[in-house]
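Architecture and fold: a report
In case you want the letters, here they are:
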Amino acid sequence: MQKIITQNSKQTEELAKLLAMEIRGGEIICLSGDLGAGKTTFAQGLLEGLGVEGPYTSPTFAIMKEYEVNLKFQISNLKLLKVYHIDTYRVEERDILELGWKDFSGKKNAVTIVEWAERIKDIVPAGALWIHFSWKNENEREIRIHSQENS
Ligand code: ADP
Ligand code: MG
């Protein structure tokens, strides 16, 4: 488990961009933590780091946003085509299953980012990357990166 404190939203985005450099395709990135803890900020940094062109909007109302990766911005050995950004705040596991979760999550040429992933933990496969966000004060957030939920 790795624990990082960020002092502002830019640092949270930069941390996400570092993670983006490690992505090889097929990852499921689970973001947990309360409202305002920084999940969407982190997801937007990831999208940018992965070569997805904005604007990025929070999927809270759409449940899921599907982005195409602009191959121009991609390092050559990566063939990442899609990024799925999901927010489960207003829905349940069965709604996510109905969106086609089993088909798109873990696709080799895609990355799946899930906000409020603790709400659907029973359908998240082992091997997903879990990142927990907690609010420390107005500008500080504690970010804990786990390789498995609860580890
Ligand atoms: P969530 O998706 O978890 O509800 P958001 O990323 O939408 O959270 O909101 C986080 C809010 O906190 C934003 O308004 C952001 O500007 C602010 N903020 C302040 N400090 C930080 C920080 N260190 N990391 C991330 N966001 C921060
Ligand atoms: Mg959010």
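Below is a summary of the structure that appears in this document. (Residues numbered from 1 in each chain as written. Chains lettered and ligands numbered in written order. Predicted model: local features only at pLDDT ≥ 70, side-chain atom pairs only at ≥ 80, totals over all residues. Heavy atoms only, no water.)

Turning next to the coordination of the magnesium ion (ligand 2). For the magnesium ion (ligand 2), the full set of protein donor atoms is Thr40 (OG1) and Glu115 (OE), at a range of 2.1 to 2.2 Å. Taken together, the residues Thr40 in helix 2 (residues 39-49) and Glu115 in strand 5 (residues 110-115) connect sequence positions 75 residues apart. A relative accessible area of 2% places Glu115 in the buried class. (Donors = N, O, S within 2.8 Å, 3.2 Å for Na, K, Ca; no water. Helix = DSSP H or I, 4+ residues; strand = E, 2+ residues; numbered from the N terminus. Buried < 20%, exposed > 50% of the residue type's maximum accessible area, 1.4 Å probe, protein only.)

With that out of the way, let us pick up the pattern of salt bridges. On inspection of all chains with the given rule, the structure shows 9 salt bridges. Among the ionic pairs, Lys10 bridges to Glu14, the shortest N-O distance being 2.9 Å. A residue pair is termed a helical-turn pair when its members lie 3 or 4 positions apart in one helix, as Lys10 and Glu14 do in helix 1 (residues 9-20) at 4 residues. (Salt bridge = Lys/Arg side-chain N within 4 Å of Asp/Glu carboxyl O.)

The next point concerns the site of ligand 1. Every one of the 17 residues lining ligand 1 counts as a neighbour, but Thr12, Gly36, Lys39, Thr40 and Thr41 are closest to it. Within the side chain of Thr12, one N or O atom sits 2.6 Å away from a nitrogen atom of ligand 1. Arg141 is positioned with one of its side-chain polar atoms (N or O) 3.0 Å from an oxygen atom of ligand 1. When ligand 1 sits alone it has 570 Å² of accessible area, and the protein chains cover 74% of it. (Near = heavy atom within 4 Å. Polar contact = N/O pair within 3.5 Å; in protein donor to acceptor, adjacent residues only side chain to side chain. Areas by Shrake-Rupley, 256 points an atom, 1.4 Å probe, with all protein chains shown as cover.)

Across the sheet, 7 strands lie side by side as 1-7-6-2-5-4-3; this open sheet has mixed pairing. The open sheet has two free edges, formed respectively by strand 1 (2-6) and strand 3 (64-68), since each of these has just one partner strand. Neighbouring strand axes in the sheet, compared pairwise and without regard to direction, differ in orientation by 20 degrees on average. Together, strand 1, strand 2 (28-32), strand 6 (129-137) and strand 7 (140-146) form the strand contacts of helix 1, whose direction differs from that of strand 1 by roughly 145 degrees. (Pairing = 2+ DSSP bridges. Axes fitted to C-alpha atoms, helices over the stretch in contact; angles between N-to-C directions. Contact = heavy atoms within 4.5 Å.)

As enumerated under the stated definition, the model contains 5 aromatic pairs in all. Where Tyr56 meets Tyr67, the ring centres are 6.1 Å apart and the plane angle is 80 degrees; that geometry is what we call edge-to-face. Highlighted residues: Tyr56 in the loop between helix 2 and strand 3 and Tyr67 in strand 3, separated in sequence by 11 residues. Ring pairing ties together the aromatic residues Tyr84, Trp101 and Phe104, which thus form one cluster. Its guanidinium or amino end placed over the ring of Trp116, Lys39 lies 4.0 Å from that ring's centre, counting from NZ or CZ. (Phe/Tyr/Trp six-rings, centres within 6.5 Å; stacked < 30°, edge-to-face > 60°. Lys NZ or Arg CZ within 6 Å of the ring centre and 35° of its normal.)

On their own, these measurements won't tell you what the molecule is for.
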